[in-house]
Amino acid sequence: MSETSYSTEHERILALEARVNSLERQLKRQKIARKNAESFLETYSQDAYLANQALRKALNDSKQRERELLYLNRAASQLSNAQPGKSFIFSALESAVEFSNAHCGKAFIVKNDELVVGEDNQVLTYEEGWRSSPELAELIKFETPLSLRDSYSHWCVTAVQRPDTQKEARLLHFMHEMADGEFAWLVLLTKDDHLEEETLHVLDTSKHYLNITSRYQNKKTELTSRQIELSSVKKDRDFLEERLVSADKMAMLGQLAAGIAHEINNPIGYVRSNTVVAKEIFNDYQHALDEIGLLCRTAGGKIEAQFEALEKRFSLRESASEILEMFNESHEGIERIIEIVKALRSFSYPSSGKHTQISAVEAMNTVIKLTNNLHRYKNKVNLEVPDKDVYFLGNAGQIQQVLVNFVTNAIYATPEGKSITLKVQKDEKNAMLIVEDEGIGMSKETLDRIFTPFFTTKPPGEGTGLGMSISMTIVEEHNGTINITSEEGKGTRVTVLLPLA
């Protein structure tokens, strides 16, 4: 074979190898793109399911808030137009039956240890009004402790078996002391054994209203007290209305955040995969260039001199280092965007995950370690704990996220040299995780907006405004609450209350 033919054949082989390498890279890129597409599809399906569940929950919560508001409005109206005697007792019973969706209800009045009201076989139902039901009337009368004379602080619940269905149900009852030695009982019989705790809390207002009316009827001079109670009722109603509006806003913002997260997630996935592949291709080029340089230096002479001249002319080594740094910076930026997208998705669809028993003292110690670099040379952090540890149920990672967020905010708001105090306390029902600072405090306007998504007092670029919103969502998912008190120039106190384990 002639030298020319051999050279031509060699060039053709090199061209084919280059083509094969290019096709292999394309195939690798397509595989990555397909994998990303499958991942995006799975994420989209999951987001759609979570969005549907979130909407259902928001709708159910809204309906429940509406029922509570209607009940409170009706009870407040009855209080304002209260009639003396037994009529108010039956009016309160009617409202309680309607609100609780009970199967039926009944009222008893005892005077001088004798039953003066409720001896009949009538029970009150929401659909049919008063109707005769000897079996249910006898059951309610038998299970109600009519001889008790100690006033209830809350509704009491008793498990009973309904004679009409032979299934377990719940009997709700409380006693109200009336004037002239009379004692009134309101009793509800549920449809089955299902009973929501929140229903009991709202029903407690019935006893509240009855007590107010009794005082009003017996002591005209206590008009001021009645006005205070009415004001309290209005505040409760306004609070529920605000919570309803807030729930609707949060639901809409959650959907907006989910949409933004999804729209960003798709293109950033392409950029991420393309950057990874481009970096690998660049590494291949760099290795090839190094091998070419090695060949030229091995050949020596003019070839080596020309290669070194080209290398110097185009600053190949410096350019390679700069390009590699660009790839790394781009990768960091992409990962930062992905973290922001995750935060948006956490705000939209928080999930409490698996709950385990958590030590409050250990949680606080971990927070101090995690934020050590922020406060080590700036603030003194104190930890006050009880002699006996406090435990609560929750997702350790999410609770840690909440506490780190509050401590970080405290460090940001506290001048150098001032102290931050972390406390672990408890009451009868809750573990109390407290973060106190000697910082600049907050105005009432700032305090009112503290949990508004995307609201932040930090300079642009230093905060997303989602930290407090996500923290509130996580704590609510744990059936807890957050209380914040603050005074400008004196500091802020944040208390996280979580049910005891």
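Residues numbered from 1 in each chain as written. Predicted model: local features only at pLDDT ≥ 70, side-chain atom pairs only at ≥ 80, totals over all residues. Heavy atoms only, no water.

Of regular secondary structure, the protein possesses 12 helices and 14 strands. The contacts of the protein with a sequence gap of at least 6 include a subset with a gap of at least 24, amounting to 68%. A total of about 29,800 Å² of accessible surface is found on the protein, and carbon and sulfur atoms cover 53% of it. (Helix = DSSP H or I, 4+ residues; strand = E, 2+ residues; numbered from the N terminus. Contact = heavy atoms within 4.5 Å. Areas by Shrake-Rupley, 256 points an atom, 1.4 Å probe, with all protein chains shown as cover.)

For the rest of this paragraph, the subject is a negative patch on the surface. Together, E318, E322, E325, E329 and E332 make up a region of like negative charge exposed at the surface. By the secondary structure assignment, E329 is in helix α7 (residues 316-348). Classification of E329 by relative accessible area gives partly exposed; the value is 47%. (Patch = residues over 30% accessible without salt bridge, like charges linked within 9 Å, V, L, I, M, F, W, Y side chains within 5 Å. Salt bridge = Lys/Arg side-chain N within 4 Å of Asp/Glu carboxyl O. Lys, Arg positive; Asp, Glu negative; His and termini not counted. Charge placed at Lys NZ, Arg CZ, Asp CG, Glu CD. Buried < 20%, exposed > 50% of the residue type's maximum accessible area, 1.4 Å probe, protein only.)

Turning to helix α3 (residues 134-143), a few remarks are in order. In an α-helix, one turn spans 3.6 residues; hence positions three or four apart end up facing the same way. Within the sequence span of α3, burial applies to L136, A137, L139 and I140. Axial view of α3: buried residues confined to an arc of 160 degrees, hence all on one face. Of the exposed residues in α3, those oriented more than 90 degrees away from the buried face are E135 and F142. Buried positions along α3 lie against β1 (104-111), β3 (122-125), β4 (129-132), β5 (156-161), β6 (168-177) and β7 (182-189). (Arc of directions from axis to C-beta.)

Within this structure, the stated rule accounts for eight salt bridges. In this structure, E119 and K141 form a salt bridge, with 2.8 Å as the shortest nitrogen-oxygen distance. Linking E119 in the loop between β2 (114-117) and β3 with K141 in helix α3, this pair joins segments that are 22 residues apart in sequence. Members of the salt-bridge network, linked through shared partners, are K423, E436 and R493.

Let us look at the sheet that holds strand β13 (residues 481-487). Ordered by their spatial adjacency, five strands build an open sheet running β9-β11-β12-β14-β13, and the pairing between neighbours is mixed. The strands lining the two open edges of the sheet, one partner per strand, are β9 (380-384) and β13. Across the sheet, the mean angle separating the axes of adjacent strands is 15 degrees when strand polarity is ignored. Of the pairings in the sheet, the one linking strand β12 (residues 430-437) to strand β14 (residues 491-499) comprises eight bridges and is antiparallel in character. Note on β14: the bridge partner recorded for E436 is R493. (Pairing = 2+ DSSP bridges. Axes fitted to C-alpha atoms, helices over the stretch in contact; angles between N-to-C directions.)

Where helix α8 (residues 360-370) meets helix α10 (residues 396-413), the axes come as close as 10 Å, and the angle between the chain directions of the two elements is 55 degrees. Considering their axes alone, α8 and α10 lie oblique with respect to each other. Judged by the twist between their axes, the crossing of α8 over α10 is right-handed. Judged by residue contacts, A363, M364, T366, V367 and L370 of α8 engage Q400, L403, V404 and V407 from α10. The residue inventory of the contact of α8 with α10, partitioned by class, reads seven nonpolar, two polar and no charged. (Parallel < 35°, antiparallel > 145°, perpendicular 65-115°, else oblique. Left-handed = near helix turned anticlockwise from the far one by under 90°. Nonpolar A, V, L, I, M, F, W, Y, C, P; charged D, E, K, R; others polar.)

Tallied over the full model, the rule gives three aromatic pairs. Between the aromatic rings of F90 and W130, the centroid separation amounts to 5.9 Å while the plane-to-plane angle is 65 degrees, which identifies the pairing as edge-to-face. Residue F90 is found in helix α2 (residues 87-100), and its partner W130 is found in strand β4; the two are separated by 40 residues along the sequence. Take F90: its relative accessible area is 26%, and that puts it in the partly exposed class. Ring geometry for W155 versus F174: centroids 4.7 Å apart, planes at 75 degrees, classification edge-to-face. Within this pair, whereas W155 is found in the loop between α3 and β5, its partner F174 is found in strand β6, the two being separated by 19 residues in sequence. Residues W155 and F174 agree in their burial class; the two are buried. (Phe/Tyr/Trp six-rings, centres within 6.5 Å; stacked < 30°, edge-to-face > 60°.)

This paragraph deals with the pairing of β7. Two faces make up the sheet, and in a regular strand the side chains alternate between them. Across the eight residues that make up β7, a large majority, eight, are buried. Of the two faces of β7, the one carrying E182, A184, L186 and L188 and the one carrying F183, W185, V187 and L189 are both buried. In terms of strand pairing, β1 meets β7 through eight bridges, oriented antiparallel. Bridge pairing links I109 to A184 in β7. Relative to β7, β6 is paired through seven bridges, and the arrangement is antiparallel. In the strand pairing of β7, L172 is matched with L188. The turn linking β6 back onto β7 is made up of four residues, and D180 within it adopts a positive phi angle of 60 degrees.

Grouped burial of nonpolar side chains is what soluble globular proteins tend to show. Of all hydrophobic cores here, the largest spans 38 residues; its most connected members are I140, W155, W185, L188 and L189. Those elements that provide at least two residues to this core are α2, β1, β3, α3, β6, β7 and α4 (197-218). If you tally residues by element for this core, the top one is β7, at seven residues. With sequence-adjacent residues up to four places away left out, W185 is seen in contact with K106, A107, F108, V110, T144, P145, L146, L148, R149, Y152, F174 and M175. Among the nonpolar cores identified, the runner-up in size contains 33 residues, and A363, I368, M442 and M472 belong to it. (Core = buried A, V, L, I, M, F, W, Y, C linked by side-chain atoms within 4.5 Å.)

The next thing to look at is α2. Between its first and last C-alpha atoms α2 spans 20 Å; for 14 residues at 1.5 Å apiece the expected length is 20 Å, and the two agree. Residues F88, I89, A92, L93, S95, A96, V97 and F99 constitute the buried set of α2. Positive backbone phi, at 55 degrees, marks N101, one or two positions downstream of α2. (Expected span 1.5 Å × (residues − 1).)

Tracing the backbone through its elements, the reader meets K380 in strand β9. The exposure class assigned to K380 is exposed, which follows from its relative accessible area of 55%. Taking the C-alpha atoms as reference points, K380 and T421, separated by 41 residues in sequence, lie 8.3 Å from one another. When neighbours within four sequence positions are excluded, K380 is seen to be in contact with K418, S419 and I420.

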